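Given next are the chains, with one letter for each unit.
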Amino acid sequence: MSEIFTSASKEPDGTDPSGHQRLSFDLDADICVVGAGLAGLTVALEAARLGASVAVLEGRHVGWNASGHQLGTVMPGFGLPIGELIARIGLEDARELWSLSRQGAEYVRTNASEPSFPGIALSEGALEVSNVDAGETLISRLQTLSEDFETEVEGWQVDRVRDELKTDRYFHGVYYPKAFQVDGRKYVHGLAALARRAGARIFEDTPVVSIDPSGIRKRIVTPSARLRASHIVLAGNIHLGAPLRRLSETLLPVWRYAAVTAPLGERLAETISFRGSVTDSDGIDHFRIVDGDRLMWASPETTWGARPQRFAGAIARRIRTIFPQLGKVEIAETWGGAVGQTVHGMPQIGQLRKGLWVTSGFGRQGLNTSAMAGQLIARSILWGDERWRLFSPFELVWAGGATGRVAGQVIGLWERGSSAAAGALARHREKARLRERIAEARRIEANRLAGTRPQSRPPSGRPPPGRPRPQRPRPAAPVDPVEGDGDGT
Ligand SMILES: Cc1cc2nc3c(=O)[nH]c(=O)nc-3n(C[C@H](O)[C@H](O)[C@H](O)COP(=O)(O)OP(=O)(O)OC[C@H]3O[C@@H](n4cnc5c(N)ncnc54)[C@H](O)[C@@H]3O)c2cc1C
């Protein structure tokens with residue numbers, strides 16, 4: 001069963017949704033959701049399951065943007081590294097948020113196991129690999145994850161990683177046996193099917209052009225109809241636009257591009273034996289094997305939208321850089337989508353004012369996090385569950401408008417450049433250590449033959465006492481554009 005050529009505009013049962021319903025008549029609902037991506041559809045499904053009348057208004061079609069073009073890797077956690085999460089809100093709240101993110105992942109698994117998700121190709125395990133030789137960091141991270149955050153993880157030594165991924169680019173790895181992957185495109189359409197079955201009404205080709213959130217019954221305006229609802233949930237990600245432009249401006253749009261290769265035959269299995277998803281710790285590469293012998297790979301990012309086909313060559317070159325033994329790889333299909341990146345790296349989940357909700361800013365990790373957000377918001381509206389308040393420390397911060405995009409692109413390129421430099425340095429050190437070990441063995445053998453004692457040498461790989469270890473450079477802290485010098489320049 002092919003898991004990659006599902007059209008983003010087709011339902012899982014093969015019906016063509018171009019006959020989807022537009023909102024062409026005025027309507028009343030308990031909840032109006034703006035946007036039919038992962039975020040909006042999960043709120044709709046959960047609220048409908050809890051008995052609310054729900055209308056979803058989608059400007060294009062279900063899964064039109066990132067949600068219909070993702071790689072389907074479902075992991076616990078957030079875009080913000082765990083250490084930074086603890087530093088920001090403390091261990092106890094960080095544990096609680098992490099646990100919610102795990103429940104989000106399990107929610108996706110439960111949905112994907114429903115019969116309305118045929119051929120979703122659930123496969124197990126994800127591996128996060130390090131671009132640098134970071135054994136000590138890895139051990140402390142493993143301890144945090146398994147002891148403090150009750151997450152099943154295994155630490156893989158360099159040899160184990162390189163046994164499964166034949167490249168000298170990656171060093172240690174953190175293996176998540178409970179992470180999994182689905183066919184991302186099928187998942188979003190399956191979610192829409194589930195929401196409809198639960199009673200939610202989804203209107204496509206229906207952009208929301210304005211909202212009036214004041215009053216108990218809020219008003220929503222589309223080109224050909226009006227809607228009134230007690231709650232509005234804004235799930236439009238970076239494309240929300242006119243209804244609340246200031247909210248859109250708290251997100252830095254990042255377009256991420258992906259491709260799938262033509263079949264690579266035996267050489268792929270000889271190069272990669274790991275069957276789950278692989279991501280690197282710098283968030284640059286993300287790949288896995290699909291359809292037995294094809295490689296699905298996401299890598300380049302821009303802060304402006306471009307035709308994904310333009311990046312086919314760049315992805316092929318990236319694959320060749322990491323796995324040169326694969327030789328020239330042919331790209332069969334490319335695609336891309338825009339994710340909304342917040343300044344603090346955590347999603348935007350909560351109530352902006354009475355009855356006006358936001359679920360957005362899921363960045364590169366949107367499957368488990370949007371699932372978690374959908375449950376939190378639906379339960380708060382219908383049951384009064386207030387756990388979304390755990391996200392209150394991550395307030396809305398202006399992402400810098402057009403100037404912020406340029407700065408974001410520069411920082412992104414800079415981070416990639418730093419990561420490449422750190423990786424090259426780590427590989428250079430590894431080779432130097434190997435050369436030293438060979439030279440040492442030769443010296444010992446020569447001494448043995450000559451009947452002399454070996455010279456003592458400082459242990460390899462450690463800087464002499466007093467000299468600081470080289471540190472990986474970090475990007476400058478983002479300037480708060482509201483309080484700082486306006487455009488961040
Ligand atoms: C290449 C790529 C690979 C990825 N891989 C993974 C992965 O493996 N795992 C993972 O967890 N995440 C992954 N992600 C991230 C994930 O796809 C996103 O975080 C997630 O899809 C965001 O969902 P969303 O519903 O917030 O936004 P969107 O998918 O952007 O949906 C928002 C919807 O709202 C609609 N809309 C906006 N404004 C309006 C309006 N005014 N009126 C009506 N409708 C409106 C839009 O048309 C759109 O359909 C990936 C992303 C990309 C691009």
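Since this is a predicted model, take the numbers as computed values, not measurements. (Residues numbered from 1 in each chain as written. Predicted model: local features only at pLDDT ≥ 70, side-chain atom pairs only at ≥ 80, totals over all residues. Heavy atoms only, no water.)

Caption draft 1: Structural context of the overall build of the chain. Assigned secondary structure in the chain consists of eleven helices and 17 strands. Split into buried and exposed, the 489 residues of the chain put 51% on the buried side. Look at the contacts in the chain between residues 6 or more apart in sequence, and 75% of them connect residues 24 or more apart. For the chain, the exposed surface amounts to about 22600 Å²; the carbon and sulfur share of it is 52%. (Helix = DSSP H or I, 4+ residues; strand = E, 2+ residues; numbered from the N terminus. Buried < 20%, exposed > 50% of the residue type's maximum accessible area, 1.4 Å probe, protein only. Contact = heavy atoms within 4.5 Å. Areas by Shrake-Rupley, 256 points an atom, 1.4 Å probe, with all protein chains shown as cover.)

Caption draft 2: Focus on the environment of Arg-320. Residue position: Arg-320 is located in helix 9 (residues 312-322). Take Arg-320: its relative accessible area is 43%, and that puts it in the partly exposed class. In this structure, Arg-320 is in contact with Gly-327 and Lys-328, ignoring residues within four places of it in sequence.

Caption draft 3: Seen up close, the pattern of salt bridges. Scanning all chains against the criterion turns up 18 salt bridges. Note that Asp-285 is salt-bridged to Arg-318, the shortest N-O span being 2.9 Å. Of this pair, Asp-285 sits in the loop between strand 12 (277-280) and strand 13 (286-290) while Arg-318 sits in helix 9, and the two are 33 residues apart along the sequence. The exposure class assigned to Arg-318 is partly exposed, which follows from its relative accessible area of 25%. (Salt bridge = Lys/Arg side-chain N within 4 Å of Asp/Glu carboxyl O.)

Caption draft 4: Molecular detail of helix 10 (residues 367-383). In this model helix 10 runs 24 Å from its N-terminal to its C-terminal C-alpha over 17 residues, within 8% of the 24 Å that 1.5 Å per residue would give. Of all 17 residues that make up helix 10, 14 are buried, and the element is covered over most of its length. Downstream of helix 10 by one or two residues, Gly-384 has phi in the positive range, about 75 degrees. (Expected span 1.5 Å × (residues − 1).)

Caption draft 5: A look at the confidence of the model for the chain. For the chain, mean pLDDT is 84; residues scoring 70 or higher make up 80% of the total. Within the model, pLDDT remains below 50 along residues 1-17, and this stretch shows 45 contacts once partners closer than five positions in the same chain are excluded. (pLDDT = per-residue confidence, 0-100.)

Caption draft 6: The arrangement of the nonpolar core in detail. One finds Val-33, Val-54, Leu-85, Leu-97, Tyr-187 and Ile-349 to be the most contacted residues of the largest nonpolar core, which totals 69 residues. Beyond its immediate stretch of four places on either side in the chain, Val-33 contacts Gly-40, Val-43, Ala-44, Val-54, Ala-55, Val-56, Leu-57, Val-233 and Ala-235. Of all hydrophobic cores here, the second largest spans 24 residues; its members include Leu-127, Leu-165, Leu-295 and Ile-322. (Core = buried A, V, L, I, M, F, W, Y, C linked by side-chain atoms within 4.5 Å.)

Caption draft 7: A look at the site of the ligand. Neighbouring the ligand are 38 residues, the closest being Glu-58, Asn-65, Ser-67, Gly-363 and Leu-367. The backbone of Thr-73 places a nitrogen or oxygen atom 2.9 Å from a nitrogen atom of the ligand. In this structure, Leu-367 approaches the ligand through a main-chain N or O atom, which is 2.8 Å from an oxygen atom. In isolation the ligand has 1000 Å² of accessible area, and contact with the protein removes 98% of it. Of all elements in the fold, only helix 1 (38-49) and strand 15 (331-341) reach the threshold of two or more residues within the shell around the ligand. When the residues that make up the shell around the ligand are grouped by side-chain class, the tally is 16 nonpolar, 18 polar and four charged. (Near = heavy atom within 4 Å. Polar contact = N/O pair within 3.5 Å; in protein donor to acceptor, adjacent residues only side chain to side chain. Nonpolar A, V, L, I, M, F, W, Y, C, P; charged D, E, K, R; others polar.)

Caption draft 8: Up close: the side chain of Asp-280. With respect to the helices and strands, the residue Asp-280 is situated in strand 12. Lacking a salt bridge, the buried Asp-280 has Arg-318 as its closest oppositely charged neighbour, with an N-O distance of 4.7 Å. At 3.0 Å, the side chain of Asp-280 and the backbone nitrogen of Asp-282 are in polar contact. A distance of 2.9 Å separates a polar side-chain atom of Asp-280 from the backbone nitrogen of Ile-284. Sequence-distant contacts of Asp-280, defined by excluding residues within four places in its chain, comprise Val-129, Asn-131, Tyr-170 and Asp-285. (Lys, Arg positive; Asp, Glu negative; His and termini not counted.)

Caption draft 9: How the structure looks around the environment of Thr-250. With respect to the helices and strands, Thr-250 occurs in the loop between helix 7 (245-248) and strand 11 (252-261). Owing to a relative accessible area of 6%, Thr-250 belongs among the buried residues under this scheme. Once the C-alpha coordinates of Thr-250 and Gly-361 are considered, the two residues, 111 residues apart in sequence, prove to be 8.7 Å apart. Of the polar contacts made by the side chain of Thr-250, one reaches the backbone oxygen of Leu-247; its length is 2.5 Å.

Caption draft 10: Fine view of the pairing of strand 4 (residues 123-129). When you tally the buried positions in strand 4, you get five out of seven residues, the bulk of the element. Strand direction decides the pairing type here: strand 4 and strand 6 (residues 173-181), joined by six bridges, are antiparallel. Note that in strand 6 the partner of Ala-126 across the bridge is Tyr-176. Two elements, strand 4 and strand 12, share four bridges in a ladder whose sense is parallel. The residue of strand 12 that forms the bridge with Leu-127 is Val-278. (Pairing = 2+ DSSP bridges.)

Caption draft 11: Highlighting the packing of aromatic side chains. All chains considered together, the criterion is met by eleven aromatic pairs. Between the aromatic rings of Trp-297 and Phe-323, the centroid separation amounts to 6.3 Å while the plane-to-plane angle is 85 degrees, which identifies the pairing as edge-to-face. Residue Trp-297 is located in strand 14 (residues 294-302), and its partner Phe-323 is located in the loop between helix 9 and strand 15; the two are separated by 26 residues in the primary sequence. Per residue, the accessibility class of Trp-297 equals that of Phe-323, and both read buried. (Phe/Tyr/Trp six-rings, centres within 6.5 Å; stacked < 30°, edge-to-face > 60°.)

Caption draft 12: Spotlight on the environment of Gly-37. As for its placement among the helices and strands, Gly-37 is situated in the loop between strand 1 (27-34) and helix 1. Sequence separation between Gly-37 and Leu-191 is 154 residues, and the spatial gap between their C-alpha atoms is 9.4 Å. When sequence neighbours within four positions are dropped, the list of residues in contact with Gly-37 reads Glu-58, Ser-67 and Val-188.

Caption draft 13: How the structure looks around helix 3 (residues 91-112). Under the 1.5 Å per step criterion, the end-to-end length of helix 3 is 32 Å for 22 residues, consistent within 8% with the ideal 32 Å. Listing the buried residues of helix 3 in full gives Ala-94, Leu-97, Trp-98, Leu-100, Ser-101, Gly-104, Ala-105, Tyr-107, Val-108, Arg-109, Asn-111 and Ala-112.

Caption draft 14: Geometry of the side chain of Thr-206. You can see Thr-206 is positioned in the loop between strand 7 (201-203) and strand 8 (210-212). From its side chain, Thr-206 meets the backbone oxygen of Glu-204 in a polar contact 2.7 Å long. Those residues within four positions of Thr-206 in sequence are excluded, and the remaining contacts are Arg-22, Leu-23, Leu-57, Glu-58, Gly-59 and Thr-222.

Caption draft 15: Expanded view of unusual backbone geometry. With phi around 45 degrees, Glu-150 is a residue other than glycine that occupies positive phi space. At Asp-291, a residue that is not glycine, the phi angle is positive and equals roughly 50 degrees. Among the structural elements, Asp-291 can be located in the loop between strand 13 and strand 14.

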